[in-house]
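A look at the structure
For reference, the chains in residue letters:
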Amino acid sequence: MTSSHDYIKISTYILMIFFIAIIIPLHLFPCFVAGFLAYEIIFAMTPWFERLIGGTRARWLVVSIIAAVVVIVMTIAIVSLVSFLTSNIQRGIDVTAETNRIFSGIKNRIPASFPAFLPESAEELKNEVFALVEKNLITIRNMGRSFLHGLLTILIGLIIGAIISLNKPSGRTTYFREQMLQRIQNLSSSFRNIVFAQIKVSLVNTILTSILIFVVFPLFKIHLPLSKTLVVATFIFGLLPIIGNLISNFMFIISALSVSLPVGGVMLLYLILIHKLEYFLNAEIVGNRIQAKSWELLLAMLVFEAAFGLEGLVAAPIYYAYLKTELRGLDLI
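Okay, so let's go over this structure. Note that the structure is predicted; figures quoted are calculated from it, not measured.

For the rest of this paragraph, the subject is the overall build of the protein chain. When you go through the protein chain residue by residue, the secondary structure sums to 13 helices and zero strands. Going from the N terminus to the C terminus, the protein chain shows its helices and strands as α-α-α-α-α-α-α-α-α-α-α-α-α. Buried positions account for 33% of the 333 residues belonging to the protein chain. Across the protein chain, the fraction of contacts at a sequence separation of at least 24, relative to all contacts at a separation of at least 6, is 72%. About 20,400 Å² of surface is accessible on the protein chain, with carbon and sulfur atoms providing 72% of the total.

Pasting the structure below:
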């Protein structure tokens, strides 16, 4: 009987590895994230409502609230984001002139020996973009289809996550069912630890950066170009562990250099200090939860990015956390 149980347990590991391995090649990773996110939110909120109304009705209420909130928030977010990012245009600022000023400012402030990697003007940038679009028209068309496919799978994932959260556990159980549910529970726990922890880290990073841009710099009459857009990008890119901060920081330094070299230096120093703080935050919020160091996550991200592209980059921390959870459960690490 024990030998039979061992084979059954091994089969659940094989099935789980197979399932999570085909998620990205089948382009179902957005569905995977949305489904787990919906389930985790419902699971976290249900106890609060059970105190008021109890039973299954609490979960139905949570699902109804989440559905309404998703629709309302998506509508408000789209309208607000468009208004937020185009506020400069609404105030009558010439975007072309502003872009030319940024490129000109950077060119005048960096050494002449430094390799040129930016366009000379907005006109040159436009020509380069058009040339890039013309060369990659088929790829861009496929990206549009992929975006629509991703959006559809996200909606399906939200529905599946809600349905699973409302499903009542069956009274009949088997050893295979117990072990398979344990694998799924470990994956769910890894997802929760990584995603919600990274949201906290990104939020702290965005708040600290916003303080410098909207509080400290204005005191010295310094205003960074496209600052609102950069803050939004900081939070979005910050959801990608390690690599996301490098992308947003590069954007901030380019914007600061367009004002002056000292402002660029201050921004660089400030971002370095924030990163030092983030080492402690990652160690406390992310590292302690999955007991992994930054280099481990970075190595996993590099391997998954090479294998699966951008989706692999996002999936790597979740999959790596799950791997460590299972290995730890087997007392192998």
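That covers the picture; the talk isn't over yet.
The next subject is the nonpolar core. Phe29, Phe32, Leu187, Ile318 and Tyr319 are the most contacted members of the largest nonpolar core, which has 25 residues in total. Where this core is concerned, the elements lending two or more residues are helix 1 (2-23), helix 2 (29-50), helix 8 (175-219), helix 12 (294-308) and helix 13 (310-329). With eight residues, the single largest contributor to this core is helix 13. Counting residues in each nonpolar core, the second largest holds 12 residues, with Leu212, Val231, Met267 and Leu271 among its members.

Each aromatic ring pair is described using two quantities: the centre-to-centre distance and the angle formed by the ring planes. The final tally for this structure, using the stated rule, is eight aromatic pairs. Aromatic side chains Phe32 and Phe191 sit 6.2 Å apart centroid to centroid with 85 degrees between the ring planes, which places their arrangement in the edge-to-face category. Note that Phe32 is positioned in helix 2 and Phe191 in helix 8, a separation of 159 residues in sequence. The burial state of Phe32 is the same as that of Phe191; both residues are buried. Arranged with centres 5.5 Å apart and planes meeting at 35 degrees, the rings of Phe36 and Phe191 form a pair that is tilted. Here Phe36, found in helix 2, pairs with Phe191, found in helix 8; they are 155 residues apart in sequence, far enough to count as distant. Considered together, Phe36 and Phe191 belong to a single accessibility category, that of buried residues. One aromatic cluster is present, built from ring pairs that chain together Phe29, Phe32, Phe36, Phe191, Phe304, Phe308 and Tyr319.

Quick look at the pattern of salt bridges now. Taken as a whole and assessed by the stated rule, the structure comprises three salt bridges. Linking Arg192 and Glu40 is a salt bridge whose minimum nitrogen-to-oxygen distance equals 2.8 Å. You can see Arg192 sitting in helix 8 and its partner Glu40 sitting in helix 2, a full 152 residues away along the chain. Assessed through its relative accessible area of 2%, Glu40 is described here as buried. Linking Lys324 and Glu296 is a salt bridge whose minimum nitrogen-to-oxygen distance equals 3.3 Å. On the criterion of sequence distance, the pair formed by Lys324 in helix 13 and Glu296 in helix 12 is long-range, its members being 28 residues apart. Here Lys324 falls in the buried class, since its relative accessible area comes to 11%.

Contact geometry for helix 8 and helix 13: axes closest at 8 Å, N-to-C directions at 130 degrees. Relative to helix 13, the element helix 8 lies oblique. Handedness of the helix 8/helix 13 crossing: right-handed. Within the contact between the two elements, helix 8 uses Arg183, Asn186, Leu187, Ser190, Phe191, Ile194 and Val195 and helix 13 uses Pro317, Ile318, Ala321, Tyr322, Thr325 and Glu326. Tallied by class, residues from the contact of helix 8 with helix 13 come to eight nonpolar, three polar and two charged.

Its location among the elements puts Thr12 in helix 1. Since its relative accessible area comes to 0%, Thr12 is described here as buried. Looking at Thr12, its side chain comes within polar contact range of the main-chain oxygen of Lys9, at 2.5 Å. Every residue in contact with Thr12, bar those within four places of it in the chain, is listed here: Phe176, Gln179, Met180 and Arg183.

As a further point, take the environment of Glu296. Under the relative-accessibility criterion, Glu296 is labelled buried at 11%. Discounting residues that sit within four places of it in the chain, Glu296 has contacts with Tyr320 and Lys324.

Now for the side chain of Arg183. With respect to the secondary-structure elements, Arg183 resides in helix 8. Given a relative accessible area of 3%, Arg183 falls into the buried group.

Attention now moves to the environment of Glu305. Its place among the elements puts Glu305 in helix 12. For Glu305, a relative accessible area of 38% gives the class partly exposed. Along the backbone, Glu305 and Ala316 are 11 residues apart, and their C-alpha atoms lie at a distance of 8.1 Å. Each residue touching Glu305, except ones within four places of it in the same chain, is listed here: Gly312 and Leu313.

So, how was this worked out
- Residues numbered from 1 in each chain as written.
- Predicted model: local features only at pLDDT ≥ 70, side-chain atom pairs only at ≥ 80, totals over all residues.
- Heavy atoms only, no water.
- Helix = DSSP H or I, 4+ residues; strand = E, 2+ residues; numbered from the N terminus.
- Buried < 20%, exposed > 50% of the residue type's maximum accessible area, 1.4 Å probe, protein only.
- Contact = heavy atoms within 4.5 Å.
- Areas by Shrake-Rupley, 256 points an atom, 1.4 Å probe, with all protein chains shown as cover.
- Core = buried A, V, L, I, M, F, W, Y, C linked by side-chain atoms within 4.5 Å.
- Phe/Tyr/Trp six-rings, centres within 6.5 Å; stacked < 30°, edge-to-face > 60°.
- Salt bridge = Lys/Arg side-chain N within 4 Å of Asp/Glu carboxyl O.
- Axes fitted to C-alpha atoms, helices over the stretch in contact; angles between N-to-C directions.
- Parallel < 35°, antiparallel > 145°, perpendicular 65-115°, else oblique.
- Left-handed = near helix turned anticlockwise from the far one by under 90°.
- Nonpolar A, V, L, I, M, F, W, Y, C, P; charged D, E, K, R; others polar.
- Polar contact = N/O pair within 3.5 Å; in protein donor to acceptor, adjacent residues only side chain to side chain.

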